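# Architecture and fold: a report
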Amino acid sequence: MKISILTPTYNRANLLKNLYKSILENCTNCKLQVEWLIMDDGSKDETKLMVERFISDKKLEIKYFYQENSGKMQALNKLVQKCNGDFIIECDSDDYFSNNAFETIEEAIEKDKNLENIYALVFLKYDQNGNNMGNKFPENEYESKMFDLYFKEGENGEKALVFFADVRKKYKHELEHNEKFVTEARMYHKMDVKYKMICINKPIMICEYQKDGYSKNIIKQFKNNPYGYYKYFQEILEKDMKGVKFSKRLYVIKHYILFGKLINAKKSLNKIMSTKNKILYCLLYVPGRIKTKMKFDVKKI
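Residues numbered from 1 in each chain as written. Predicted model: local features only at pLDDT ≥ 70, side-chain atom pairs only at ≥ 80, totals over all residues. Heavy atoms only, no water.

With that settled, consider the pairing of strand β3 (residues 61-66). Judged from the six bridges that link them, strand β2 (residues 33-40) and β3 form a sheet pairing that is parallel. Paired with methionine 39 across the bridge in β3 is phenylalanine 65. Handedness of the crossover is the feature at issue here: the chain leaves β2, passes through helix α2 (residues 47-57), returns alongside β3, and the resulting connection is right-handed. (Pairing = 2+ DSSP bridges. Helix = DSSP H or I, 4+ residues; strand = E, 2+ residues; numbered from the N terminus. Right-handed = clockwise from strand over helix to strand, strands pointing away.)

Of all hydrophobic cores here, the largest spans 96 residues; its most connected members are Trp36, Phe97, Phe102 and Tyr119. The residues touching tyrosine 119, leaving out its near neighbours within four places in the chain, are Met146, Val162, Phe163, Phe164, Val167, Tyr188, Met191, Asp192, Tyr195, Lys196 and Met197. (Core = buried A, V, L, I, M, F, W, Y, C linked by side-chain atoms within 4.5 Å. Buried < 20%, exposed > 50% of the residue type's maximum accessible area, 1.4 Å probe, protein only. Contact = heavy atoms within 4.5 Å.)

This part is about a nonpolar patch on the surface. The grouping of Val286, Ile290 and Met294 at the surface amounts to a nonpolar patch, some 340 Å² of accessible area in total. In this fold, isoleucine 290 is placed in helix α11 (residues 275-295). Look at isoleucine 290 and you get partly exposed, because its relative accessible area is 48%. (Patch = residues over 30% accessible without salt bridge, like charges linked within 9 Å, V, L, I, M, F, W, Y side chains within 5 Å. Areas by Shrake-Rupley, 256 points an atom, 1.4 Å probe, with all protein chains shown as cover. Salt bridge = Lys/Arg side-chain N within 4 Å of Asp/Glu carboxyl O.)

The next point concerns helix α10 (residues 246-262). A rise of 1.5 Å per residue sets the reference length of α10, with its 17 residues, at 24 Å; its end C-alpha atoms lie 24 Å apart and thus fit the reference within 8%. Among all positions of α10, only Arg249, Val252, Ile253, His255, Tyr256, Ile257, Leu258, Phe259, Gly260, Lys261 and Leu262 are buried. Those residues of α10 that are buried lie in contact with α5 (146-151), α8 (218-224), α9 (226-237) and α11. Asparagine 264 sits one or two residues past α10 and shows a positive phi near 60 degrees. (Expected span 1.5 Å × (residues − 1).)

Now for the packing of aromatic side chains. Geometrically, a pair of aromatic rings is defined through the distance of the ring centres and the angle of the planes. A complete count under the given rule lists 17 aromatic pairs for this structure. When the ring of tryptophan 36 is compared with that of phenylalanine 54, the centres are 5.9 Å apart and the planes differ by 25 degrees; the resulting orientation is stacked. Remark: phenylalanine 54 occurs in helix α2 and tryptophan 36 occurs in strand β2; sequence separation between them is 18 residues. Pair check on accessibility: tryptophan 36 and phenylalanine 54 agree, each one buried. Ring geometry for tyrosine 256 and tyrosine 281: centres 5.7 Å apart, planes at 45 degrees, overall tilted. Placement of the pair is tyrosine 256 in helix α10 and tyrosine 281 in helix α11, with a sequence separation of 25 residues. (Phe/Tyr/Trp six-rings, centres within 6.5 Å; stacked < 30°, edge-to-face > 60°.)

The next subject is helix α1 (residues 13-27). Its 15 residues give α1 an end-to-end C-alpha distance of 22 Å, which sits within 8% of 21 Å, the value for a rise of 1.5 Å per residue. Buried residues along α1 sit against β1 (2-9), β2, α2, β3, β5 (95-97) and α4 (101-111).

At a closest axis distance of 10 Å, the pairing of helix α7 (residues 185-192) and α9 adopts a crossing angle of 30 degrees. As judged from the angle between their axes, α7 and α9 are roughly parallel. Crossing hand, α7 versus α9: left-handed. Contact with α7, carried on its side by Ala185, Arg186, His189 and Lys190, involves Lys231, Tyr232, Glu235 and Ile236 of α9 and no other residues of that element. Of the residues in the contact of α7 with α9, the class split is three nonpolar, one polar and four charged. (Axes fitted to C-alpha atoms, helices over the stretch in contact; angles between N-to-C directions. Parallel < 35°, antiparallel > 145°, perpendicular 65-115°, else oblique. Left-handed = near helix turned anticlockwise from the far one by under 90°. Nonpolar A, V, L, I, M, F, W, Y, C, P; charged D, E, K, R; others polar.)

Taken as a whole and assessed by the stated rule, the structure comprises one cavity of 30 Å³ or more. Computed from the structure, the largest cavity encloses a volume of approximately 60 Å³. At four residues, α10 tops the list of elements feeding residues into the lining of the largest cavity. Looking at the lining of the largest cavity residue by residue, the class counts come to six nonpolar, two polar and four charged. (1 Å grid on protein atoms, 1.4 Å probe; cavity = no way out; pocket = protein on both sides within 12 Å on 5 of 7 lines; lining within 4 Å. Points joined across faces, edges and corners; volume = space filled by probe spheres on them.)

Here we take up the pattern of salt bridges. Scanning all chains against the criterion turns up 20 salt bridges. Note that glutamate 141 is salt-bridged to lysine 111, the shortest N-O span being 3.2 Å. Taken together, the residues glutamate 141 in the loop between β6 (118-127) and β7 (142-144) and lysine 111 in helix α4 connect sequence positions 30 residues apart. Exposure remark for lysine 111: the relative accessible area of 56% places this residue in the exposed category. Close ionic contact of lysine 159 with glutamate 155 constitutes a salt bridge, the shortest N to O distance being 3.0 Å. Residue glutamate 155 is classed as buried on the basis of its relative accessible area, which comes to 3%. Beyond isolated ion pairs, a larger network of salt bridges with shared partners links Glu174, Glu176, Arg186, Lys190 and Glu235.

Okay, structure coming up:
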């Protein structure tokens, strides 16, 4: 049984050492075969030299690839097609694995024998201080879907996903208008249509947010990638949203209006399925457009 670790990276040579060390430490106590695929997204630092040092150690199967700066999502799309594992886990260059993470994954795979129609095992992520980066799942080892978790069951924060490779390779991150980023949830929601996830209340990954990271610069991400976000929220409004919390409806509609303004989309109810959502959209449309114009310099987008 083999697991492929996929890491897109850009100017993070100094942080890759932590991830490398955590992989090696986890490999000493597990039966899983491991390969580490790294996509250098046009780095200007010593990323290539650092990875070459890792490879020269001959302690781990490592594959290094390079692309002109195209963003994390394009990097993942390419890496997914190059990996050979039975399972895939995507690990950012500023993250690393917790102690016994691979053993935890291995135990979960062996314990859950009925894994038909499952696209991922979902684990917790902790910060460096040992705090859960979201809620615990309401139950341990239960089946759900990513959309249901966050829009119906009240889940929040980041999670670590271990994908079944044969399913993950059927999907890719869809980018709009040559943008470099789109939320991962857009792909997950498409996977939800045919498959489910198994949620496990154990951590396998530690996150160390950087000042130049995606999450720290969310407003910049909104400005640079409005078309992808617009499509993401539009696709949610095309769903049957029965059971979705009212606060989440507001969240989706407000952002749909926001990104509609950023890309200068015309007002339209055609893509909104629910009558309740159509009413909310009409009520929030004008104030939402005004607020967006005040908060963002729309002319520069």
